[in-house]
Amino acid sequence: MRFLKYILLSGIGIIAMQLHSQEFVNNLDNWGKKNAIQKTYLQLDRSAYFAGQTVWFKAYFMADFLPSAANSTLFVELLDNKSQPLIKKVLPVFGALSYGQIDLPNTLATGSYQLRAYTPLMLNFDKNYLFSRRIEVFGNNKLKPVTTPATSVTIRFYPEGGNLVAGFKNNIAFKATDQQGLPATVSGRIVDQQNKTVSSFSTQHDGMGQFAFLPATGSQYRALLDNGQTAALPEVAAEGVALIIKNAGQGKIFSINYSGSKQVPAYIVGQMQHQVLIKQALPVKPGGSVINGVLQTGALPSGVLQLTLFNKDGLPLAERLTFINNKEYLLTSTFKADTLQTGARKKNHFSIAFADSVTGNFSVAVTDADYEPATYRPGNIYSAFLLTSDIPGYVHQPAYYFSDSPNVAEDVELVMLTNGWRRFLWKDAVANQLPLPAHKDPGFISLSGRVNLAGSRKSFADKDLLVWVATDSDRRLQTIKTDAAGHFKMDSLIFFNKARILFSDIHGKKSKQLTIKLNSDSLIRSFSIPPLLLPYEPFTNISIANKMNNAWFDYTRGEGVTLDSVTVLGTRNRMRQLEDIYMSGLFTGGIDAKTIDLTREFIPNLNIFDYLQGRIAGLTIMRGGQFGDYQLYYRQGGVRRPMQLYLDEMPTDPGMIASLNPNDIALVKLFPSFVGAPGGGANGVLAVYTKRGNDLNDAMESAASVVDYEGYSILKEFYAPDYSTGAENQYTDYRLTLDWKPELFLSGKNPVLPISFYNNDRTKRFKIVAEGITSTGKLLMIERYVEPEK
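### With respect to unusual backbone geometry
So, point 1. Of note, glutamine 273 is a non-glycine position whose phi angle comes to about 60°, a positive value.
So, point 2. Its relative accessible area of 2% is what places glutamine 273 among the buried residues.
So, point 3. With a phi close to 70°, histidine 274 is a non-glycine residue in the positive phi region.
So, point 4. Locating histidine 274 in the fold gives a position in the loop between strand S21 (267-272) and strand S22 (275-281).

Put into structure tokens, the structure is as follows:
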């Protein structure tokens, strides 16, 4: 972990802090080094989709302002508005990066959906800090115009520093929201118990604002809103600390008013990301009640800084978040549209040039700008890593706080004033009782369990165990050793989709049948996470909504989707049910194919080839050669050529299938010819399917040497047509995402990031979004609209 620490001491004396206060600062530092705050951000290709499309995303990871390689597994969830999970993706993280996709069901209704992403390490702190956002989906029900009636608002008041203290001028921030939790515009006045007006207020930005007044001891105050509502202010404390902090160039000016013998501030501590950046003694004068000073923040990293005032005994007196934006995180770049062509299927070439040595990873999305619901995205890589990941509440339009608006510096302080810090408690730091992490990184996929001899309780102890992991695209064979109780463990496995895992003794024909009992799944698991209920702003862009609905109907007609007719599975015969469960693609159907159902069969003391001998007309099974290998032929005369074999729709060999316990096999399907095989499968194809789900559970009782295991979610490659040859010109091209490149690596001096793509048949304006992170923690964020000059 790297973290640049800044120690700032007051100019009137380098005062040695009390030993115990230095200790709790060290406690926090040490704890932070062992429990770095892990953050993630997802760049999506777009913000709006129609049902049936694919959401493409790239995940970046940071800790201590640098790319973080501490995570191995990422969970991405699509949730409805009640926080019910609709789709969950589990993806491997390599280095500090991951990417994947969510295929939206074509039956999704029009509406707003929630997206949440996290790793196990991110759950060690308050789970309200996890990455989340909304996406719009358009389906078969059209968007109806929404009229929002005037409703009551919720308003809360936040004294700066935490307490409303009598006898001093106090600064109070407020936040007003409507019934959806979105910013509400309010105004009103503050009155005491005699209804005397002491101050007035009005919204400054996104439902937030601030005002100041001098509260009196024993008085009670309330707000009278111009809409007729009332709201109480916090109670007035007779003694305490009133803190006011203002921006000042490269620093923060602070003003502290205090009263009470135990309320005398002795020093101020500033921490960011669990690392103490500021330890500054305060110039307390005997008999005084006011302290003014400056915090030099120009050399600090950008982000949310938590400032806390302590007395001489280490008791926290007041607290305030403030935002530092020194812009040292910006990666300088220049975007250029080198070749711009908006004609149908014309090639475009853009570029992003960097002015210095850069080593980093980036992602680029090119979309049809006329289908984007908003001019600019509400959040981006800046706001995710530097702001919202350190704010427990909802922040409306966080990307605004990294814009060039002249009021940004003042407006972001309202966000700081209306939010608190909850990742740890100072009392725990003082007592050196900061919480231990409840979650560890799984280190990819871990398989563990116990092996017994089949039909007995006798453990397969201190033995070599052969483990074969087979997926659609890979096979791995390794030998592991069981312990004295028959337990085994395999770590750091990476495989995708469903895997068939074969456990076997290594003694060939003398191998004993085994029973495998796996421990809890290390990958596909559920965590206790609070419901995600992001405020929802009704979609009001009817023009975009109509375009997206029309795109959806075009898609459903092209894909042959008929939503009004639903076939009930229970009305099909059993063989059709099994084929739907086990088979996909070209393996489904087949007029001349023959399928044997073995899900309810018990096959004693035979392998599957011995069992099939004589059961399928025209199938000849022979065994011979130096190694006694099986060879299968189907209705061939003269020079015979062996059939091609598939196991769970993957090419395989007879030895692999012969090694399976036949009671682990669900279906056997014979194709006289098969277009999906090399040469058209002219010699015949035999497809074998191993049991899964309930069928597998039934098999476990008799043998259980094969286990069905869900691996990481499948990664798809984004398809971008190449129109240079004209071979793909027979299709209408209405793509909304024209290009998506999730993994662009650059390294060198003054490198250039190329962006080349072909237009579709209708786009006239392009939207380009490029984001990424360098090895030194600098961030790239480019969001541009490109169109021909008029």
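### Observations concerning the pattern of salt bridges
So, point 1. As enumerated under the stated definition, the model contains 19 salt bridges in all.
So, point 2. Note that arginine 345 is salt-bridged to aspartate 761, the shortest N-O span being 2.7 Å. Here the residue arginine 345 occupies a position in the loop between strand S26 (333-339) and strand S27 (347-354), and aspartate 761 occupies one in the loop between strand S44 (752-758) and strand S45 (766-774), the gap between them amounting to 416 residues.
So, point 3. For aspartate 464, the salt bridge goes to lysine 481, with nearest N and O atoms at 3.9 Å. Of the two residues, aspartate 464 sits in strand S30 (residues 464-470) while lysine 481 sits in strand S31 (residues 475-481), which places them 17 residues apart along the sequence.
So, point 4. Note on lysine 481: relative accessible area 52%, which makes it exposed.
So, point 5. Several salt bridges share partner residues, and in doing so they unite Glu160, Lys252, Arg320 and Glu413 into one network.

### Regarding the sheet that holds strand S20 (residues 251-259)
So, point 1. Spatially, three strands are ordered S19-S20-S23 in an open sheet, and the strand pairing comes out antiparallel. In this open sheet, the two strands that pair with only one neighbour each are strand S19 (240-248) and strand S23 (290-296). On average, each strand axis in the sheet is tilted by 20° relative to the strand beside it, whichever way the strands run.
So, point 2. As paired elements, S19 and S20 share nine bridges and run antiparallel to each other. The partner of lysine 246 across the bridge, within S20, is isoleucine 253.

### Here we look at the sheet that holds strand S25 (residues 316-324)
So, point 1. With antiparallel pairing, four strands are arranged side by side in an open sheet as S22-S21-S24-S25. The outermost strands of the open sheet, each flanked by one partner alone, are S22 and S25. Averaged over all neighbouring strand pairs, the angle between strand axes comes to 20°, with direction disregarded.
So, point 2. Examined bridge by bridge, strand S24 (residues 303-310) and S25 share eight bridges and lie antiparallel to one another. Opposite phenylalanine 310, over in S25, you have proline 316 as the bridge partner.
So, point 3. Docked against the sheet, helix H3 (residues 408-417) engages S24 and S25, running at close to 145° with respect to S25.

### Examining the packing of aromatic side chains
So, point 1. All chains considered together, the criterion is met by 40 aromatic pairs.
So, point 2. Considering the side-chain rings of tyrosine 267 and phenylalanine 310, the 5.6 Å spacing of their centres and the 20° angle between planes classify their relative orientation as stacked. Of this pair, tyrosine 267 sits in strand S21 while phenylalanine 310 is found in strand S24, placing the two residues 43 residues apart along the sequence. The exposure classification of tyrosine 267 matches that of phenylalanine 310, with both residues buried.
So, point 3. Their ring planes at 70° and their centres at 6.5 Å tell us that tyrosine 582 and tyrosine 689 sit as a pair that is edge-to-face. Of this pair, tyrosine 582 sits in helix H6 (residues 574-582) while tyrosine 689 is found in strand S41 (residues 685-690), placing the two residues 107 residues apart along the sequence.

### Some thoughts on the nonpolar core
Soluble globular proteins tend to pack their nonpolar side chains together in the buried interior.
So, point 1. The biggest cluster of nonpolar side chains holds 116 residues, and the ones touching the most others in it are Leu42, Val76, Ile256, Leu387, Leu465 and Ile501.
So, point 2. Examining the composition of this core, we find that six residues originate from one element, strand S3 (residues 54-63), more than from any other.
So, point 3. Once residues within four sequence positions are removed from consideration, valine 76 is found in contact with Leu42, Phe57, Ile87, Lys88, Lys89, Leu91, Ile102, Leu115, Arg116 and Ala117.
So, point 4. Ranked by size, the runner-up nonpolar core spans 28 residues in total, among them Leu502, Phe609, Leu647 and Met650.

### So, the environment of valine 55
So, point 1. When you line up the elements, valine 55 lands in strand S3.
So, point 2. C-alpha of valine 55 to C-alpha of aspartate 45: the two residues are ten residues apart in sequence and 6.9 Å apart in space.
So, point 3. If we ignore the near neighbours within four places in the chain, the residues touching valine 55 are Leu44, Asp45, Tyr49, Gly100, Gln101, Ile102, Leu104 and Ile135.

What counts and how
Residues numbered from 1 in each chain as written. Predicted model: local features only at pLDDT ≥ 70, side-chain atom pairs only at ≥ 80, totals over all residues. Heavy atoms only, no water. Buried < 20%, exposed > 50% of the residue type's maximum accessible area, 1.4 Å probe, protein only. Helix = DSSP H or I, 4+ residues; strand = E, 2+ residues; numbered from the N terminus. Salt bridge = Lys/Arg side-chain N within 4 Å of Asp/Glu carboxyl O. Pairing = 2+ DSSP bridges. Axes fitted to C-alpha atoms, helices over the stretch in contact; angles between N-to-C directions. Contact = heavy atoms within 4.5 Å. Phe/Tyr/Trp six-rings, centres within 6.5 Å; stacked < 30°, edge-to-face > 60°. Core = buried A, V, L, I, M, F, W, Y, C linked by side-chain atoms within 4.5 Å.

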